[in-house]
Amino acid sequence: MFKNTLALAAGIALSVSAVFAQAADVLKVSAIPDEAPTELLRKFKPLGAYLEQELGMKVEFVPVADYAAVVEALAADRIDMAWLGGFTFVQAHLKTGNAVPLVQREQDAEFTSKFITSDPAVTSLQDLKGKTFAFGSVSSTSGSLMPRYFMRQDGIKPEDFFSRVAYSGAHDATAAWVQAGKADGGVLNASVWQKLVDAGKVDTDKVKVFATTPTYYDYNWTVRGNLDADLQAKIKSAFLALDPAKPEQKAILDLQAASRFIETKPENYEGIEEAARAAGLLK
């Protein structure tokens, strides 16, 4: 009986080990849902295949319901890596204490947001006083936090300045709202705006950009701090090695709206944290 018990315990131990070994062979990746879920998956598929090849392990995309869910998933080790905005990185870093921003697109070091409207008479934010306005997600750096920060610097408190403030939930949704007349004005990140224009998904005869924010740091690929250090280094190297001179890799970069990836560090996002504290979004 004692032998049987030992055999059973050994079997359980082997099964548990197999489960953990299998889990270790899968890199679970997610992203803030700043665009439609189908678009996020479309953008990630070629990148995921590339990472699988470079890392020698399976890469799985894990969709989430909202921005907060990405932060929670990183903190609980349910995902290994995530595409975060500047503010969600700050939240993840504060919550985990060790989340590591590995790389960002070159333009993320000087990112901007675009203010848009379908009203030909609007040429500045002052022209939208008393009208309706749409942000993206409450937790979006480029669709809410930084535009608000720059508005406040100009003496504009959105809830007092506009007749109604709404949140579309995503950048592409903000553009659709403004084009459809659901909001008189709105703000979204410059990268998504350009992608929508290039794809013909926004009618520039109906919707125009009337202002652009100053620059700030934004998106990055972040890993959980307790992810194996060698694996972190391999992931970073894989991103930095993406070469626009190689057609297959250029296609990956194009889907990420990136000319190339560069290294980043937590200190780059101190300005975002400062803006979030000034807006009362961090305790």
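Residues numbered from 1 in each chain as written. Predicted model: local features only at pLDDT ≥ 70, side-chain atom pairs only at ≥ 80, totals over all residues. Heavy atoms only, no water.

**Description of the overall build of the protein chain**
Threshold: Helix numbering and strand numbering both begin at the N terminus, where a helix is a DSSP run of H or I of at least 4 residues and a strand a DSSP run of E of at least 2. Exposure is judged per residue with a 1.4 Å probe applied to protein chains only, and the accessible area is read against the type maximum: over 50% gives exposed, under 20% gives buried, and values in between give partly exposed. A contact between two residues is defined here by any heavy atoms of the two lying within 4.5 Å. The protein chains shown are the only cover counted for residues, whose accessible areas, like all others here, come from Shrake-Rupley with a 1.4 Å probe. Only four residue types enter the tally: Lys and Arg on the positive side, Asp and Glu on the negative side, with His and both chain ends excluded. By convention, the point assigned to a charge is CZ for Arg, NZ for Lys, CD for Glu and CG for Asp.
If you tally the helices and strands in the protein chain, you get eleven helices and eleven strands. Taking the principal axes of its C-alpha atoms as reference, the protein chain extends roughly 85 × 45 × 35 Å. Burial analysis of the protein chain (283 residues in total) assigns 46% to the buried set. Considering only intrachain contacts with a sequence separation of at least 6, the fraction spanning at least 24 residues in the protein chain is 77%. As displayed, the protein chain has an accessible area near 13,700 Å², and 53% of this comes from carbon and sulfur atoms. Charged side chains of the protein chain number 30 positive and 35 negative; the gap between the two group centres comes to 4 Å.

**Some thoughts on the sheet that holds strand 6 (residues 132-135)**
What counts, and what does not: DSSP bridges decide pairing: two strands pair if at least two such bridges lie between them. The angle between two axes is taken between their N-to-C directions and runs from 0 to 180 degrees, where each axis is a line fitted to C-alpha atoms and a helix contributes only its stretch in contact.
The five strands lie next to each other as 7-6-8-5-9, forming an open sheet whose pairing is mixed. Sheet topology places strand 7 (164-167) and strand 9 (208-212) at the edges, where each strand pairs with a single neighbour. Between one strand axis and the next, the sheet turns by 30° as a mean value, whatever way the strands run. Relative to strand 8 (residues 185-189), strand 6 is paired through two bridges, and the arrangement is parallel. Counterpart to Ala134 in the pairing with strand 8 is Gly186.

**As for the packing of helix 2 (residues 37-55) against helix 9 (residues 229-241)**
Short version of the rule: Any angle that is under 35 degrees is reported as roughly parallel, and any over 145 degrees as roughly antiparallel; angles of 65 to 115 degrees are reported as roughly perpendicular and all others as oblique. Less than a right angle of anticlockwise turn of the near helix away from the far helix marks a crossing as left-handed, whereas a clockwise turn marks it as right-handed. Note on residue classes: Ala, Val, Leu, Ile, Met, Phe, Trp, Tyr, Cys and Pro are nonpolar, Asp, Glu, Lys and Arg are charged, and everything else, Gly too, is polar.
Where helix 2 contacts helix 9, the two axes come as close as 10 Å, and the packing angle between them is 125°. It follows from the interaxial angle that helix 2 and helix 9 lie oblique. Considering how the two elements wind past one another, helix 2 and helix 9 form a crossing that is right-handed. Contacts between helix 2 and helix 9 involve Leu47, Tyr50, Leu51, Glu54 and Leu55 from the former and Leu231, Lys234, Ile235, Ala238, Phe239 and Ala241 from the latter. Its residues assigned to classes, the contact of helix 2 with helix 9 shows nine nonpolar, no polar and two charged.

**Re the nonpolar core**
Definition in use: Think of a nonpolar core as a cluster: buried Ala, Val, Leu, Ile, Met, Phe, Trp, Tyr and Cys residues, connected wherever their side-chain atoms sit within 4.5 Å. Just so you know, the domain bounds were taken from an automatic or database domain assignment.
In this structure, Leu27, Trp221, Ile235 and Phe239 are the most contacted members of the largest nonpolar core, which totals 53 residues. Considering each element in turn, this core owes the most residues, six residues, to helix 2. Taken domain by domain, this core gets at least three of its residues from each of domain 1 (25-107 + 216-268) and domain 2 (111-210). Grouped together as the second largest cluster of nonpolar side chains are twelve residues, Val122, Phe162, Val187 and Phe210 included.

**Examining the pattern of salt bridges**
Think of it this way: side chains of opposite charge can pair up when their charged atoms draw near. What counts here: Criterion for a salt bridge: a side-chain nitrogen of Lys or Arg within 4 Å of a carboxyl oxygen of Asp or Glu.
Scanning the entire structure with this criterion turns up twelve salt bridges. The salt bridge involving Asp80 is made with Arg224; its shortest N-O contact spans 2.8 Å. Within this pair, whereas Asp80 is found in the loop between helix 3 (67-75) and strand 3 (81-84), its partner Arg224 is found in the loop between strand 10 (220-223) and helix 9, the two being separated by 144 residues in sequence. Asp80 sits in the buried class, given a relative accessible area of 8%. The class of Arg224 is buried, set by a relative accessible area of 16%.

**Considering the packing of aromatic side chains**
Our working rule: Note on aromatic pairs: the rings of Phe, Tyr and Trp (six-membered ring only in Trp) are paired at centre separations within 6.5 Å, and the planes decide the class, stacked below 30 degrees, edge-to-face beyond 60, tilted for the rest.
Summed over the entire model, instances satisfying the criterion amount to 17 aromatic pairs. With a centroid separation of 6.1 Å and 45° between ring planes, the pair formed by Phe115 and Phe210 is classed as tilted. Taken together, the residues span a long stretch of sequence, with Phe115 in strand 5 (residues 113-117) and Phe210 in strand 9 at a distance of 95 residues. This pair shows no difference in class: Phe115 is buried, exactly as Phe210 is. The structure contains a cluster of three or more aromatic residues connected by ring pairs, namely Trp83, Phe111, Tyr149, Phe150, Tyr216, Tyr219, Trp221, Phe239 and Phe261.

**Topic: the domain arrangement of the protein chain**
Interfaces are frequently sized by the accessible area removed from exposure as the parts join. Quick note on the threshold: A simple way to read buried area is as the amount of 1.4 Å-probe accessible surface that goes missing from two parts once joined, with both sides added.
Here the protein chain is described as being made up of domain 1 (25-107 + 216-268) and domain 2 (111-210). Domain 1 puts 19 residues into the contact, and the matching count from domain 2 is 19 residues. Contact with domain 2 buries area across many residues of domain 1, yet Tyr67, Phe87 and Tyr216 alone supply 47% of it, more than any other trio. Counting across the domain 1 and domain 2 interface gives two salt bridges. Of the charged contacts in the structure, one is a salt bridge between Lys195 and Glu35, with a shortest N-O distance of 2.5 Å. Broken down by element, the side of domain 1 that touches domain 2 gets its largest block of residues, four residues, from helix 4 (residues 86-96).

**Things to note about the pairing of strand 10**
Side chains Asn220 and Thr222 of strand 10 all project onto a buried face; the interleaved residues Trp221 and Val223 project onto the opposite face, where all are buried too. As paired elements, strand 3 and strand 10 share four bridges and run antiparallel to each other. Bridge pairing in strand 10 links Ala82 to Thr222.

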